[in-house]
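# What the coordinates show
As a plain string of letters, each chain reads:
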Amino acid sequence: MKVLKFGGTSVGSPARMKALLDIINPAERQVVVLSAVSGTTNSLVEIGQAYLAGDKKKAAQLITILKDKYEIFVKELFAKPEFLAQGKEVIDYHFSLLSNLANDHFTNIEDKIVVAQGELLSTTLYHVYLKEIGVPSVLLPALDFMKIDEDNEPVVDHITENLQPLLDQHPEVNLFITQGYICRNAYGEIDNLRRGGSDYTASLIGAGIHSEEVQIWTDIDGMHNNDPRIVKGTQPIAQLSFDEAAELAYFGAKILHPQSVFPAQKYKIPVRLLNTMDPKAHGTLITNTSEKDKIKSIAAKDAITAIKIQSSRMLLAHGFLRKVFEVFERYKTSIDMITTSEVGVSVTIDDTTYLGDITKELNTYGSVEIDVNQTIICVVGDFGADKHGYAARVLEAVKHIPLRMISYGGSDHNLSLLVKTEDKVETLRSLHNRLF
């Protein structure tokens, strides 16, 4: 069995939703994971924010605007009156639920219920459409088998125990439709896997049922060797290892959710990135295998803040780094890059929520310098310790650009540079011209 995930643009219009059958083969057994129709999640987030702010009037207006869009959507999706009526019942149910939340005390729990309606709408409407055209399918509520624990980590065993029996109940059916992104938390409440989590859903399902392959269908033909919005002449990458894909996803490649490769990697499920708009394109295959002697791609991550802590007391001081890292741990702030010397340590963060508190605590250990508007440039490829020349090529390409930090050796697949965001475009283009 394969798992196929389609993003918001892939179901962004009735025409595109209908065209999914050009990709989905009803003769093959597949789990189809759908995101919300493009634009829907943003609208639902806005509705939730209005409710949280106590502005019920604004929430009602936003609900009406979004429902009007879905009224048009179902009229274009369904041809037969019987199924058009079913489609209208679907949207009436979900938008009534949204409206009725005005009568309740609205908390973050209800806010997550609001956001979940996008995936519930897209999957139910697609299931009804398949019925209209006579293609057998089963609608599987993700809330019946997707679960996260107290630490917001998915429970793969729970997926296996609860999803596999649902699949086994329908041996005669090949297509199973389910929602990406949404799940239940440890308390049984509706929750989610965070934005972009439909990729994560597909990978988790693939791991849970030990599928033969997970396919992530988007609107671009695989992961490219640089940002095509900035650099001309980029090319899709035919093959990546899980580690390389994870590095690129974390450091800026938007096509893939950073966490989504980990379940597939653990259970050795190949992941293929494909283009809904060009189904014949080869795309990118992600497996445990890494191509040797090759630089694969360049990615960039903006909105980075660099923090440098300098202290003469650091020299040979036992426990200094532990104390520094404990500050970030207390404020649940992740570190992206780190470099050290005998008298100081520099780190980068992308979450500045507690920057003031962190800086105040770090000042007790030494002088602290903060640099904002920084960008991490990540070069991914075969950077194993036995290789020579690759790092030199990277640095040669950027010799005319001021570098704030260089991180090399922490991974066999990554060399990272920190530059001012104003130098990002020149850095990406210079690296591309030199490396490819």
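Residues numbered from 1 in each chain as written. Predicted model: local features only at pLDDT ≥ 70, side-chain atom pairs only at ≥ 80, totals over all residues. Heavy atoms only, no water.

Under an unreviewed UniProt entry, the name given to the protein chain is Aspartokinase, and the source organism is Mucilaginibacter oryzae.

To continue, consider the side chain of Thr-178. Considering the arrangement of structural elements, one finds Thr-178 in strand E4 (residues 175–179). Under the relative-accessibility criterion, Thr-178 is labelled buried at 0%. Polar side-chain contacts of Thr-178 include one of 2.6 Å to the backbone oxygen of Leu-140. A polar atom in the side chain of Thr-178 sits 3.5 Å from the backbone nitrogen of Ala-142. Those residues in contact with Thr-178 that lie beyond four places of it in its chain are Val-31, Val-32, Val-33, Leu-34, Thr-123, Leu-140, Pro-141, Ala-142, Phe-145 and Ile-205. (Helix = DSSP H or I, 4+ residues; strand = E, 2+ residues; numbered from the N terminus. Buried < 20%, exposed > 50% of the residue type's maximum accessible area, 1.4 Å probe, protein only. Polar contact = N/O pair within 3.5 Å; in protein donor to acceptor, adjacent residues only side chain to side chain. Contact = heavy atoms within 4.5 Å.)

Next up on the list: the sheet that holds strand E14 (residues 367–381). Read across the sheet, 6 strands follow the order E12-E13-E11-E14-E16-E15 without closing on themselves; strand pairing throughout is antiparallel. What marks the edges here is a single partner per strand, and that holds for strand E12 (338–340) and strand E15 (405–408). Across the sheet, the mean angle separating the axes of adjacent strands is 25° when strand polarity is ignored. Judged from the 4 bridges that link them, E15 and strand E16 (residues 414–420) form a sheet pairing that is antiparallel. (Pairing = 2+ DSSP bridges. Axes fitted to C-alpha atoms, helices over the stretch in contact; angles between N-to-C directions.)

We now examine the packing of helix H2 (residues 40–52) against helix H3 (residues 56–77). It is at 8 Å that the axes of H2 and H3 come closest, and there the two elements cross at 160°. Accordingly, the angle class assigned to the pair H2 and H3 is roughly antiparallel. The crossing of H2 and H3 is left-handed. Counting all contacts with H2, which are made through Thr-40, Ser-43, Leu-44, Glu-46, Ile-47, Ala-50 and Tyr-51, the residues of H3 involved are Lys-56, Lys-58, Ala-59, Leu-62, Ile-63, Leu-66 and Tyr-70. Taken together, the residues that form the contact of H2 with H3 break down as 9 nonpolar, 2 polar and 3 charged. (Parallel < 35°, antiparallel > 145°, perpendicular 65-115°, else oblique. Left-handed = near helix turned anticlockwise from the far one by under 90°. Nonpolar A, V, L, I, M, F, W, Y, C, P; charged D, E, K, R; others polar.)

In this structure, Lys-332 is a non-glycine residue whose phi angle is positive, near 50°. Checked against the element boundaries, Lys-332 lands in the loop between helix H10 (320–330) and E12. With phi around 55°, Asn-373 is a residue other than glycine that occupies positive phi space. Looking at Asn-373, the relative accessible area reads 57%, which means it is exposed.

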